[in-house]
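# Descriptive analysis of the structure
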Amino acid sequence: MNLKIEDQSLVDKLVFVLVIQVFLMVLGERVYNYYFYQNILIQNLFLFVILTNFIIVIFVVKILTKYQMKDCYSNKNIKFMENTLKILRAERHDHINHIQSILGLIVSGEQKLALSYINDINKDTNFNNSMLNVHNASIRILLQNKKSHCESKQIEFKVKINSSITSLHMKGSDITTVFGNLIDNAIDSVSQQVDKKVITFIIDELKDYHIFMFKDSGPRINDLVQKELFKKGFSTKGTNRGYGMTLILNTLNKYNGKIKYIDEDKCFVVYVPKRG
Amino acid sequence: MDNIPIISLLFYSIPESILIFSFGYVIWRNPIKWVPTLLSAIISVSLCYFIRKLPLPFGIHTLLGVVIIFVLFKFVNNFSIRKGIIASFLSLASLLFLENTVLYSIQLTFNLSLTKIHNLPEWERTLIGYPQLIVWCCIMILMNKYRVPILGVPTDESEN
């Protein structure tokens, strides 16, 4: 059955009416039972009709909300496709310029420069390809911004996407709070390093959880700091700081999420339960 | 007007109220938050105890109960208005559905009316309602295990 629900509020109204109707009917039967308790055929038939109606209403409400959900998902998919097209258009626009630059370098005999140029473009292209697999606009935009920020500090920002996170139900502001703070902490951690600075962000999933891993090439967090990490006001970066991790923990608690520091891998792992 | 014995209050009304609020979470496929659920159950039972003492026709206290349950879903369990309304009405409708089936079967078997049930000794009055609570609990466990919601998932990301 191909049913398209145009108006979400109409579906909501239908659902409310059906649910209230079935409630009033079963309550009416209960009240009738209280005042006129008689074991006669008509009363039993009346009860049967009401109970059947209850079951039918549950199925109808379920179908209505299912189609409402499908409609919402297809709207989200359309938005995702539009954003993807924008990324591809931008990439294609640069692509022509890059081809001409590479051609120029090769013609003028600068093969090594051309190779280095191609490697740089390759990294950007790989990053943009990874972004195409991220169905959450807030995370995508955050990662693009953080990549630019890392490039300005000469930090390599790697992203591995093993899940499309379609059922992530965090608000955009909460995503920025949790992931933005963790990436900023990773940037602070590697900024002081002299050798290669790398931050890796991995998106994965388990059956019931989305998993986000934040690795950096900075030093390991020592045991004493690990114990105090989520305490309000605690910071290794000076006074009047130390609210980021507490904020992350409080935000994740809203979604029954968790955050752990894995000592062996020197990374933070965030678990967010899947929705729906 | 119904004077609920304390034993019924503690051993029947509170478990029933816990199931009402838990069912609200289950139908929306949210993990059950036990602290708000228990708090809501205690508040709901306390208020309903006094409402039942009022000289109201049978059934009106249920309508008042819906309002109390909706308010508790909204403010203690942080449900949105839409989810709270649907959860309150569906939870109570499901409870009444089970009373109209399970409890009604017991009434037919033992030739009891609701008036007679209300006049039973305290422990019998308390235990007679347990079969429907057990059935409801089993239904919720099955729904949770096989992730079968009555309703779809919220379409608004801002809803909990």
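The text that follows walks through the structure, step by step, so that each part is easy to find. (Residues numbered from 1 in each chain as written. Chains lettered and ligands numbered in written order. Predicted model: local features only at pLDDT ≥ 70, side-chain atom pairs only at ≥ 80, totals over all residues. Heavy atoms only, no water.)

## Brief notes about the overall build of chain A
Across its full length, chain A carries 7 helices and 5 strands. Ordered by position from the N terminus, the helices and strands of chain A form the series α-α-α-α-β-α-β-β-α-α-β-β. Looking at chain A as a whole, 39% of its 276 residues qualify as buried. Contacts in chain A between residues far apart in sequence, at least 24 positions, make up 67% of those at least 6 positions apart. With the model as given, the accessible surface of chain A reaches about 16200 Å², and the carbon-plus-sulfur share is 58%. (Helix = DSSP H or I, 4+ residues; strand = E, 2+ residues; numbered from the N terminus. Buried < 20%, exposed > 50% of the residue type's maximum accessible area, 1.4 Å probe, protein only. Contact = heavy atoms within 4.5 Å. Areas by Shrake-Rupley, 256 points an atom, 1.4 Å probe, with all protein chains shown as cover.)

## Section: unusual backbone geometry
All names here are of chain A. Non-glycine residue Asn 256 carries a positive phi angle of around 60°. As for its position among the elements, Asn 256 is in the loop between helix H7 (244-254) and strand E4 (258-262). Accessibility expressed as a relative area gives 32% for Asn 256, which makes it partly exposed. Positive phi, close to 55°, is recorded for Lys 266, a residue that is not glycine. Within the element layout of this structure, Lys 266 appears in the loop between E4 and strand E5 (267-273).

## Structural notes on the sheet that holds strand E2 (residues 198-205) of chain A
Residues and elements named next belong to chain A. One open sheet accounts for 5 strands, arranged E1-E2-E3-E5-E4; its pairing is mixed. Each edge of the open sheet carries a strand with a single partner, namely strand E1 (156-161) and E4. Pairwise comparison of adjacent strand axes, ignoring direction, gives a mean angle of 15° for this sheet. Of the strand pairs in this sheet, E4 and E5 are connected by 5 bridges, and their pairing is antiparallel. Note on E5: the bridge partner recorded for Lys 260 is Val 269. Where helix H4 (residues 137-152) meets the sheet, it contacts E1, E2 and strand E3 (209-216), and its direction lies at approximately 155° from that of E1. (Pairing = 2+ DSSP bridges. Axes fitted to C-alpha atoms, helices over the stretch in contact; angles between N-to-C directions.)

## Focus: the pairing of E1 of chain A
Here E1 of chain A shows a buried face lined by Phe 157, Val 159 and Ile 161 of chain A and an unburied face lined by Glu 156, Lys 158 and Lys 160 of chain A. In terms of handedness, the path from E1 of chain A via helix H5 (residues 172-191) of chain A over to E2 of chain A forms a crossover that is left-handed. (Right-handed = clockwise from strand over helix to strand, strands pointing away.)

## Concerning the packing of aromatic side chains
Residue and element names in this part refer to chain A. Summed over all chains, the structure comprises 15 aromatic pairs over all chains. Ring geometry for Phe 201 and Phe 212: centres 6.3 Å apart, planes at 10°, overall stacked. Linking Phe 201 in strand E2 with Phe 212 in strand E3, this pair joins segments that are 11 residues apart in sequence. With 6.3 Å between their ring centres and 85° between their planes, Tyr 209 and Tyr 271 make a pair best called edge-to-face. Of the two residues, Tyr 209 is situated in strand E3 and Tyr 271 in strand E5; the sequence distance between them amounts to 62 residues. Overall, Tyr 209 belongs to the partly exposed group, its relative accessible area being 26%. (Phe/Tyr/Trp six-rings, centres within 6.5 Å; stacked < 30°, edge-to-face > 60°.)

## A few points about the state of the cysteines
Residues and elements named next belong to chain B. A full pass over the atoms with the stated rule returns 0 disulfides over all chains. Take Cys 137: it sits in no disulfide, and the sulfur closest to it among the cysteines is that of Cys 138, at 6.1 Å. Judged by its relative accessible area of 31%, Cys 137 is partly exposed. (Disulfide = S-S within 2.5 Å.)

## Some details on helix H3 (residues 111-132) of chain A
Helix length check: H3 of chain A (22 residues) gives 31 Å between terminal C-alpha atoms against 32 Å at 1.5 Å per residue, within 8%. Within the sequence span of H3 of chain A, burial applies to Ala 114, Ile 121, Phe 127, Ser 130, Met 131 and Leu 132 of chain A. (Expected span 1.5 Å × (residues − 1).)

## Here we look at the side chain of Ser 13 of chain B
Mapped onto the secondary structure, Ser 13 of chain B falls in helix H1 (residues 6-27). When residues no more than four places from it in sequence are discounted, the contact partners of Ser 13 of chain B are Ile 4, Ser 8 and Val 45 of chain B.

## Some remarks on the packing of H1 of chain B against helix H4 (residues 81-110) of chain B
All names here are of chain B. Packing of H1 against H4 brings their axes to within 9 Å, and their N-to-C directions diverge by 125°. One finds that H1 runs oblique with respect to H4. Viewed along their axes, H1 and H4 form a crossing whose handedness is right-handed. Across the interface between the two elements, Tyr 12, Glu 16, Ile 20, Phe 23, Gly 24 and Ile 27 of H1 pack against Ile 86, Ala 87, Leu 90, Ser 91, Leu 92, Ser 94, Leu 95 and Glu 99 of H4. (Parallel < 35°, antiparallel > 145°, perpendicular 65-115°, else oblique. Left-handed = near helix turned anticlockwise from the far one by under 90°.)

## Here's the deal with the pattern of salt bridges
Residue and element names in this part refer to chain A. Tallying each qualifying case throughout the model produces 5 salt bridges over all chains. A salt bridge links Glu 151 to Lys 147, with the shortest nitrogen-to-oxygen separation between them at 2.5 Å. Placement of the pair is Glu 151 and Lys 147 together in helix H4, with a separation of 4 residues, close to one helical turn. Residue Glu 151 is classed as partly exposed on the basis of its relative accessible area of 45%. Here Asp 263 makes a salt bridge to Arg 220, at a shortest N to O gap of 2.7 Å. You can see Asp 263 sitting in the loop between E4 and E5 and its partner Arg 220 sitting in the loop between E3 and helix H6 (223-228), a full 43 residues away along the chain. (Salt bridge = Lys/Arg side-chain N within 4 Å of Asp/Glu carboxyl O.)

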